[in-house]
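Examination of the molecular architecture
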Amino acid sequence: DAGITQSPRHKVTETGTPVTLRCHQTENHRYMYWYRQDPGHGLRLIHYSYGVKDTDKGEVSDGYSVSRSKTEDFLLTLESATSSQTSVYFCAISAVRMNTEAFFGQGTRLTVV
Amino acid sequence: DQQVKQNSPSLSVQEGRISILNCDYTNSMFDYFLWYKKYPAEGPTFLISISSIKDKNEDGRFTVFLNKSAKHLSLHIVPSQPGDSAVYFCASRDSNYQLIWGAGTKLIIKP
């Protein structure tokens, strides 16, 4: 299994509070991604990174920011959580941009109350 | 407007029979198509893929068929096994190298 860890695995937070999710990899892959999964929508790309300090927006980036200060860590921040951000968040890594060998973490279930 | 659609939310198949999962897309510029499998409480895992220049790709019990004129792809699993019970997502790669995902089909293999 690819070395990719998400933390926390579960989190409940209140509306308006900041939340940071962490993705850590031990594979030294260049590309890292944050997705959210909601019923009826499959997975949707929030942000991705193509190197340290290099990030770009995905399909549903509003309300989210990311940072990548080290190759192994990719952080997703909700500056002020809203109920619409209740979702399951997945981090993924790949050696080549959006290639078939994207490995996913186990997911973080975030509930905003 | 969903560009990748999996119209069957669930599918139930007898063990040993063929499972056929379907996926339709709208964007003719998609150049690569993938199937991922997901178990509960786990992340998706890559299963099989196909380039737009091909119409079939086979890997063991799994075969993906691509019909570009119909903008349709399907995943065949033969024979179906209990461990195949999972949610299957199809995904298509667009010109920006982003993956557009379907909503998934839950496959249930009955013993």
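So, here's what we can say about the structure. Just so it is clear, the structure is predicted and the values come from calculations on it, not from any experiment. (Residues numbered from 1 in each chain as written. Chains lettered and ligands numbered in written order. Predicted model: local features only at pLDDT ≥ 70, side-chain atom pairs only at ≥ 80, totals over all residues. Heavy atoms only, no water.)

**Some details on the overall build of chain B**
The line we're drawing: Numbering of helices and strands runs from the N terminus, with a helix taken as a DSSP run of H or I at least four residues long and a strand as a DSSP run of E at least two residues long. Only C-alpha atoms enter the radius of gyration, while the globule expectation follows 2.2 Å times N to the 0.38, with N the number of residues. Buried, partly exposed and exposed residues are distinguished by accessible area as a fraction of the type maximum, computed with a 1.4 Å probe on protein chains only: under 20%, between the cut-offs, and over 50%, respectively. Whether two residues are in contact is decided by their heavy atoms, any of which lying within 4.5 Å being enough. Reported accessibility uses the Shrake-Rupley method at a 1.4 Å probe radius. Residues are deemed covered only where the shown protein chains occlude them.
Counting its regular elements, chain B contains 0 helices and 11 strands. Over its C-alpha trace chain B gives a radius of gyration of 13 Å, about what one expects of a compact globule, namely 13 Å for 111 residues. Summarising its shape, the C-alpha atoms of chain B cover approximately 40 × 30 × 20 Å along the three principal directions. Sorting the 111 residues of chain B into buried and exposed places 45% on the buried side. The contacts in chain B between residues at least 6 apart in sequence include a share of 53% that link residues at least 24 apart. Approximately 5,400 Å² of chain B is accessible, and the part contributed by carbon and sulfur atoms is 49%.

**Quick look at the packing of aromatic side chains**
Residues and elements named next belong to chain A. For clarity, the threshold we go by: Only rings of Phe, Tyr and Trp enter the pairing, Trp through its six-membered ring, and a pair is recorded when the two centres are within 6.5 Å. The plane angle decides the type: under 30 degrees is stacked, over 60 is edge-to-face, the rest tilted.
With the rule as written, the count across this model stands at 15 aromatic pairs over all chains. Both rings, one in Y33 and one in Y35, keep their centres 6.4 Å apart while their planes meet at 35°; by these two values the pair is tilted. On the accessibility criterion, Y33 (1% relative accessible area) is buried. Note on Y35: relative accessible area 2%, which makes it buried. Centre to centre, the rings of F90 and F104 are 6.5 Å apart; their planes meet at 80°, and the pair counts as edge-to-face.

**What to know about the pairing of strand β5 (residues 42–51) of chain A**
All names here are of chain A. Basically, it comes down to this: Note on pairing: DSSP must find at least two bridges between two strands before they are called paired.
Along β5, 9 of the 10 residues are buried, which leaves the element largely enclosed by surrounding structure. Of the pairings in the sheet, the one linking strand β4 (residues 31–38) to β5 comprises 7 bridges and is antiparallel in character. Residue pairing across strands places Q37 opposite L43, the latter belonging to β5. Hairpin remark: β4 followed by β5, antiparallel, with 3 residues in the connecting loop; positive phi at G40, about 80°. Here β5 pairs with strand β6 (residues 54–57) via 4 bridges, running antiparallel. Within β6, the position partnered with Y48 by the bridge is D56.

**Some remarks on the interface of chain A and chain B**
Heads up, the condition is: What gets called buried area is simply the loss in accessible area from a 1.4 Å probe that two parts show on being joined, summed for both. Any pair of nitrogen or oxygen atoms within 3.5 Å is treated as a polar contact; in protein, a donor-acceptor pairing is required on top of that, and neighbouring residues in sequence qualify only through side-chain atoms on both sides. As a working rule, the residues Ala, Val, Leu, Ile, Met, Phe, Trp, Tyr, Cys and Pro are called nonpolar, Asp, Glu, Lys and Arg charged, and the rest polar, with Gly in that last group.
Taken together, the 22 residues of chain A in the interface contact 20 residues of chain B. Summed over both sides, the interface of chain A with chain B buries roughly 1,600 Å², with 57% coming from carbon and sulfur. Run the count over chain A and chain B and you get 1 residue pair in polar contact (both at pLDDT 80 or more). Sorting the residues of the side of chain A that touches chain B by element identifies β4 and β5 of chain A as the ones contributing at least two each. Per-class residue counts for the side of chain A that touches chain B are 8 nonpolar, 9 polar and 5 charged.

**What to know about the state of the cysteines**
All names here are of chain A. Heads up, the condition is: We call a pair of cysteine sulfur atoms a disulfide whenever their separation is within 2.5 Å.
Using the criterion set out here, one finds 2 disulfides over all chains in the structure. Residue pairing for C23: its cysteine sulfur links by disulfide to C91, the two sulfurs lying 1.9 Å apart. As the torsion about the S-S bond is roughly -75°, the C23-C91 disulfide counts as left-handed. Taken together, the positions of C23 in strand β3 (residues 19–25) and C91 in strand β9 (residues 87–94) put the pair 68 residues apart, joining distant regions of the chain. Take C23: its relative accessible area is 0%, and that puts it in the buried class. Residue C91 is classed as buried on the basis of its relative accessible area of 0%.

What is shown is where atoms sit, not what they do.
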